[in-house]
Structure formats: structure tokens, C-alpha cells
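Single-letter residue listing:
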Amino acid sequence: MARNREFDDHEILAVATDVFWRKGYEGTSVQDLVEATGLSRGSLYGAFGDKEQLFRKALAHFEERSFSGFQVVAAGQTGGVGKIQAVFEQAAESTLSDCRGCLVANAATELSSREPWMAEIGEASRRGLERFFQSCLDLAVAGGELESGKGGPAMARFLTNALLGLRVMAKMKPTRELLSDIVATTLSILN
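Below: a short report on this structure.

Each value, and the rule that gives it
- Residues numbered from 1 in each chain as written.
- Predicted model: local features only at pLDDT ≥ 70, side-chain atom pairs only at ≥ 80, totals over all residues.
- Heavy atoms only, no water.
- Axes fitted to C-alpha atoms, helices over the stretch in contact; angles between N-to-C directions.
- Helix = DSSP H or I, 4+ residues; strand = E, 2+ residues; numbered from the N terminus.
- Parallel < 35°, antiparallel > 145°, perpendicular 65-115°, else oblique.
- Contact = heavy atoms within 4.5 Å.
- Nonpolar A, V, L, I, M, F, W, Y, C, P; charged D, E, K, R; others polar.
- Core = buried A, V, L, I, M, F, W, Y, C linked by side-chain atoms within 4.5 Å.
- Buried < 20%, exposed > 50% of the residue type's maximum accessible area, 1.4 Å probe, protein only.
- 1 Å grid on protein atoms, 1.4 Å probe; cavity = no way out; pocket = protein on both sides within 12 Å on 5 of 7 lines; lining within 4 Å.
- Points joined across faces, edges and corners; volume = space filled by probe spheres on them.

**Looking at the packing of helix H4 (residues 51-75) against helix H6 (residues 103-111)**
- At their nearest, the axes of H4 and H6 sit 9 Å apart, and the two run at 140° to each other. Relative to H6, the element H4 lies oblique. The residues of H6 that touch H4, namely those facing Phe55, Ala58, Leu59, Phe62 and Glu63, are Leu103, Val104, Ala107 and Leu111.
- Residue classes in the contact of H4 with H6 are distributed as eight nonpolar, no polar and one charged.

**Here we look at the side chain of His61**
- Here His61 shows up in helix H4.
- Residues contacting His61, with those up to four places away along its chain left out, are Leu13, Ala14 and Thr17.

**Brief notes about the nonpolar core**
- If you look at the biggest cluster of nonpolar residues, it comprises 27 residues, and the most contacted ones within it are Leu44, Leu54, Phe55 and Met118.
- For this core, the element with the highest residue contribution is helix H1 (residues 9-27), accounting for seven residues.
- Once residues lying within four places of it in the same chain are set aside, the contact partners of Leu54 are Leu13, Ala16, Phe20, Leu33, Leu44 and Phe48.
- Formed by 25 residues, the second largest nonpolar core is a distinct cluster that contains Phe70, Ala74, Ala162 and Val183.

**As for the layout of surface pockets**
- When its volume is computed, the largest pocket comes out at roughly 420 Å³.
- Lining the largest pocket we find 22 residues, and of these Phe62, Ser66, Phe67, Phe70 and Arg167 sit closest to its centre.
- Of all the secondary-structure elements, those providing two or more residues to the lining of the largest pocket are H4, helix H5 (80-97), helix H7 (116-142) and helix H8 (153-168).
- For the lining of the largest pocket, the element with the highest residue contribution is H4, accounting for seven residues.
- Looking at the lining of the largest pocket residue by residue, the class counts come to 11 nonpolar, seven polar and four charged.

**Details of the environment of Gly24**
- Looking at the element boundaries, Gly24 is found in helix H1.
- Look at Gly24 and you get buried, because its relative accessible area is 18%.
- Taking C-alpha positions, Gly24 is 21 Å from Ser40, a pair spaced 16 residues apart along the chain.
- What Gly24 contacts, discounting residues up to four positions off in sequence, is Val19 and Glu110.

See below:
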């Protein structure tokens, strides 16, 4: 007779995500995950699969949480430019308060050159951010905040690159002044 699980998958996934985020994929051992989650290897493997499968789930968990965070921040603003500005300001605050940076960007720089599955995840993440920024730009053009020539895919790509670069800066422990300059200069291109 199978035993009922005595743990919350989401809670365990959050703990595993934190371990991967702090140590990176290569730097995280299965033993690290066992110790952090309090699960046995068998329970961990049974619930989440091997280390790579757990890491993929951790990346998806991170992406879902990050993207929903952007949507919440953006939803509180009117106009497309306001939404973009709010997301950049929130990212700057995250960069100041959390030196881990972006888990997906970290993993992409660590693994994409040798792990095709990570390159695919990184690419999907980039495209998702581009779609988000494109929807904000479309709203800005429709609302007359932005000239139509500034609202195309190239601008969405630029904003995506700038946001990811901002989050990578977390690893360098930047000052508020430095991040304010980066955000202001990035947003100035929308004027």
C-alpha cells in the first residue's frame, strides 16, 4: 500500500529553488538538496526526478513567480510607459536587495553553452519578456505615449536585454545611484 506524501511539493520546490539560486546548478549537489529540503534521496527523486528535472522545475517555479510579479507591478500603472517604468524600478530594487540576481540568467550563463535544454529555457524566457514588453509598448503607442516607430520588436528586445543586464548587476552589488542611472538612461530611450 502506497504511503501518502507528508510534504508540500510547492514548499519543497521553493526550498530547492533557493538552493540552486544560491549555489548554481553545478555547485548544488543532491546532498545539498536533501539537507535543505529534509527529504530522503528516494523521496526527492520520487517526487521531482533527478537533479536536472528538479532544476527545470525550479526554473519554471522562479519564472512563474517573477513573471507574475512583473504583471502585478505593471497592473498598478496606467499606460504602457508607466508599466515599463514600474517594472524597471522594481527590478532595480530587487537588484539592490538580492545579490543572487536572476536565476534564469544565472543558469543561462552557467549552462547554455554546453546544455541545449538550458539554452532552450533561456530562449523561452527571453521571448516571454519580449512579449511582455511588446504588450506594454503596444499599449503606449495606442495611448499616444510613444511614437509608433519606437514601439516595435527592436525596442522590446532592447528593454529585455536591459532588464536582464540590470538583474545580472546584482552579482556586483551595485549602488542605488548606479542603478538609478541605468534605469533612467534605459527609460530615456522611450522619450
